[in-house]
Number of protein chains: 2
Amino acid sequence: MRLTFAGIMHIPMVEPGDDLTGLILKGIADSGEVIEDDDVLVVAQKIVSKAEGRYLDLHTVTPSAEALELAERVDKDPRKVQAILDESNEIVRARPGVLIVEHRLGFVHANAGIDQSNIPPGEDDPDDMCLLLPVDPDSSAARLRDEILARTGRQVGVIINDSLGRSWRIGTLGLAIGVAGFTALEDYIGGSDIFGRELQVTQVAAADEIAAGASLVMGQTTEKTPAVLVRGYQPREPEEASQRGVRPLLRPKEMDLFR
Amino acid sequence: MRLTFAGIMHIPMVEPGDDLTGLILKGIADSGEVIEDDDVLVVAQKIVSKAEGRYLDLHTVTPSAEALELAERVDKDPRKVQAILDESNEIVRARPGVLIVEHRLGFVHANAGIDQSNIPPGEDDPDDMCLLLPVDPDSSAARLRDEILARTGRQVGVIINDSLGRSWRIGTLGLAIGVAGFTALEDYIGGSDIFGRELQVTQVAAADEIAAGASLVMGQTTEKTPAVLVRGYQPREPEEASQRGVRPLLRPKEMDLFR
């Protein structure tokens, strides 16, 4: 098995309302690549959010009493803390310099994934502009997949990735936050090992593994390489609707020993 | 940037004392690949442990009182619990069916990474045989790198990977447990984004990202594809000795909010 991760460059600065599918397909062509059936397209969260206009200028945010108190505790801008709370189900950890939440989509994510790098300046203060996660990254991924099929006739898997921190280990890792046409959690239950015994380790986070590899290609300044075309993995949509999208990767809070 | 992950097959069942470098180099040739300068070789923990003879037959293990009590609590074989304790610094979480520890090497790892699939049967009971992590995976990686240089003249990075569970998310992910000739934690502090502001997200777990991508190629039955040759990433040994190996990826317990 051979996987190729081809960085897609030549995608211009994405603006709200842009035809993201068109920009990516043009980027693929301009990068000298050709999209094929069974490719997996990994797209950086940032350009999906930008196309969806998920900007928030902090000068429009008025912090609540809760946000003011929490901002004091974590030593962050109260308006940003308010924006984080608005994007979250609950606080997971709050310490000076650290605010880790359960995002409303279920991801445990520092600052609810709100990003302030590589985006245009705010109106009052350049540093005020924020970029939120897409409203529904699974739907964003499905839309990209459907539009690629409609325009090119190619059936591909689509993963939207983002850089997330983790417990226990230092450094961010690219992980999947939106999935379409791809089995995020590969289930090996019932298989047998090469000695014929039942396998013990059973579930592999395939979408996260491919998202991580793509993240390495994207590098830090994702603006330059905000998409990666992966060839050699045969993606397939799970038959059961409950297994589609990114949700199978999210451990329900009540099953999580580390909250 | 284009990364290619080529699965290395045709590596025979590895036995204790085998010349692992030789087996991998032969596997590379038999897979139709040629090793080049600046390649990164990702090797599955399992074949490193096998070559190092890291087998433990549970019929040789006598559980302590602590292991007996803990085994009751986690509903596991007391002899295996003893083996896990012997490989660990401390228990992180213990629940029925779950025993997560800090491995003596610093990894937070379920069952201390002890593996019972795809290994030969135990003497008394087929299911008694266990495979432990390598004694010092960074040294194992460095040895592979040095031997590859000596035998082929090629300067490569080497990563030993293993499948680890994680908090918050379901499914295992391939991560680095041993690193040589590769900067495990890429540091972007001081860089600037495309608008000229200082970057906020600063450290990327590059070795984990490449280990994850390789894990996807290895698939579940790693015996079939226990090594992956990655081309297109320019690995480099960190200049500072303290930044070498896998240790920069491990969050010290006192800095970890999720223990």
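Note that this is a predicted model, so its numbers are computed, not measured. (Residues numbered from 1 in each chain as written. Chains lettered and ligands numbered in written order. Predicted model: local features only at pLDDT ≥ 70, side-chain atom pairs only at ≥ 80, totals over all residues.)

Undergrad: It is not clear to me how the overall build of chain A should be interpreted in this structure. Could you clarify?
TA: Looking only at helices and strands, one finds six helices and 12 strands in chain A. Taking the principal axes of the C-alpha coordinates as reference, chain A spans close to 60 × 45 × 30 Å. Expressed as a percentage of the 259 residues in chain A, the buried residues total 51%. Long-range contacts, defined as pairs at least 24 residues apart, comprise 59% of the intrachain contacts of chain A with a sequence gap of at least 6. (Helix = DSSP H or I, 4+ residues; strand = E, 2+ residues; numbered from the N terminus. Buried ≥ 20, exposed ≤ 12 C-beta atoms within 10 Å, placed from the backbone. Contact = placed C-beta atoms within 7 Å.)

Undergrad: Before we go on, may I ask you to explain the interface of chain A and chain B in this structure?
TA: Interfaces are frequently sized by the accessible area removed from exposure as the parts join. Every contact between the two is made by 58 residues of chain A and, on the other side, 58 residues of chain B. Those elements that provide at least two residues to the side of chain A that touches chain B are β1 (2–8), β4 (88–95), β9 (173–180), β11 (203–204) and α6 (206–218) of chain A. Of all the elements, α6 of chain A adds the most residues to the side of chain A that touches chain B, at nine residues. Across the side of chain A that touches chain B, the residue classes break down as 28 nonpolar, 18 polar and 12 charged. Examined bridge by bridge, β1 of chain A and strand β1 (residues 2–8) of chain B share five bridges and lie antiparallel to one another. Looking at β1 of chain B, one finds that R2 of chain A is bridged to A6 of chain B. (Nonpolar A, V, L, I, M, F, W, Y, C, P; charged D, E, K, R; others polar. Pairing = 2+ DSSP bridges.)

Undergrad: Can you walk me through the pairing of strand β12 (residues 227–231) of chain B in this structure?
TA: Consecutive side chains of a regular strand alternate in pointing toward one face of the sheet and then the other. Residues and elements named next belong to chain B. Counted residue by residue, β12 has four buried out of five residues, so it is predominantly covered. For β1 and β12, the ladder comprises five bridges, and the chain directions are antiparallel. For G7, the partnering residue across the bridge sits in β12 and is V228. Strand direction decides the pairing type here: strand β2 (residues 40–44) and β12, joined by four bridges, are antiparallel. Bridge pairing links L41 to L229 in β12.

Undergrad: Please explain the sheet that holds strand β6 (residues 108–110) of chain B as it appears in this structure.
TA: Pairing between sheet strands relies on hydrogen bonds along the backbone, with the strands arranged either parallel or antiparallel. All names here are of chain B. Taking strand neighbours across the sheet as the criterion, the three strands line up as β4-β5-β6 in an open arrangement whose pairing is antiparallel. At either margin of the open sheet sits one strand with a lone partner, and together these are β4 (88–95) and β6. When the angles between neighbouring strand axes are averaged without regard to direction, this sheet yields 25 degrees. Across six bridges, β4 lies against strand β5 (residues 98–103) in antiparallel orientation. Note that in β5 the partner of R93 across the bridge is I100. (Axes fitted to C-alpha atoms, helices over the stretch in contact; angles between N-to-C directions.)

Undergrad: Before we go on, may I ask you to explain the confidence of the model for chain A in this structure?
TA: Regions with low pLDDT carry predicted coordinates that are not meant to be interpreted in detail. Residues of chain A with pLDDT of at least 70 account for 93%, and the chain-wide mean is 93. Quick note on the complex model: pTM equals 0.95, ipTM equals 0.94. (pLDDT = per-residue confidence, 0-100.)

Undergrad: Is there a simple way to explain the domain arrangement of chain A in this structure?
TA: All names here are of chain A. Examined at the domain level, chain A breaks down into domain 1 (4–54 + 133–249) and domain 2 (56–131). Here the C-alpha centroids of domain 1 and domain 2 sit 26 Å apart. At the junction of the two partners, domain 1 supplies 11 residues and domain 2 supplies nine residues. Of all the secondary structure elements, the ones that give two or more residues to the side of domain 1 that touches domain 2 are α2 (45–51) and β8 (157–164). (Domains from an automatic or database assignment.)

Undergrad: Can you help me understand the relation of the copies chain A and chain B in this one?
TA: Applying a rotation about an axis and a shift along it to one chain copy brings it onto the other copy. For the match of chain A to chain B, the screw axis carries a shift of 0.0 Å, the RMSD comes to 0.0 Å, and the turn is 180 degrees. Taken together, these values place the two copies in the relation of a two-fold axis. The overlap is high: 100% of the interface residues of chain A also sit at the interface in chain B, so the same surface is used on both sides. (Least-squares fit on C-alpha atoms with pLDDT ≥ 70 in both.)

Undergrad: Whenever I open this one, the pairing of strand β8 (residues 157–164) of chain B confuses me. Can you help?
TA: Residue and element names in this part refer to chain B. Counting buried positions along β8 gives eight out of eight residues, so the element sits mostly inside the fold. Judged by which residues are buried, β8 turns out to be covered on both faces: G157, I159, N161 and S163 on one side and V158, I160, D162 and L164 on the other are all buried. The pairing of β2 with β8 spans five bridges and is parallel. Along β8, the bridge assignment pairs V40 with G157. For β8 and strand β9 (residues 173–180), the ladder comprises seven bridges, and the chain directions are antiparallel. In the sheet register, I159 faces β9, and the bridge partner there is V179.

Undergrad: Looking at this model, I keep getting lost on unusual backbone geometry. Mind explaining?
TA: You will see that A112 of chain A, though not glycine, has its phi angle at about 55 degrees, which is positive. Judged by the 25 C-beta atoms lying within 10 Å of it, A112 of chain A falls in the buried class. With phi around 55 degrees, D75 of chain B is a residue other than glycine that occupies positive phi space. Along the chain, D75 of chain B falls in the loop between α3 (65–74) and α4 (78–86).

Undergrad: Any chance you could explain the nonpolar core here in plain terms?
TA: Within soluble globular proteins, side chains that are nonpolar tend to cluster in buried spots. Counting residues in hydrophobic clusters, the biggest one holds 160 residues, and the most contacted among them are I159 and A207 of chain A together with I159 and A207 of chain B. Dropping the residues within four chain positions of it, I159 of chain A is found in contact with V40, V42, A141, A176, G178, V179, F182, A207, I210 and A211 of chain A. (Core = buried A, V, L, I, M, F, W, Y, C linked by C-beta atoms within 7 Å.)

Undergrad: Help me out: how do you make sense of the sheet that holds strand β12 (residues 227–231) of chain A in this one?
TA: On the basis of which strands lie adjacent, the open sheet formed by 10 strands has the order β9(A)-β8(A)-β2(A)-β12(A)-β1(A)-β1(B)-β12(B)-β2(B)-β8(B)-β9(B) and mixed pairing. The open sheet has two edge strands with one neighbour each: β9 of chain A together with β9 of chain B. Taking each pair of neighbouring strands and ignoring which way they run, the sheet shows an average axis angle of 25 degrees. Against the sheet, helix α6 (residues 206–218) of chain B touches β1 and β9 of chain A together with β1, β2, β8, β9 and β12 of chain B, its axis set at about 120 degrees to β9 of chain B.

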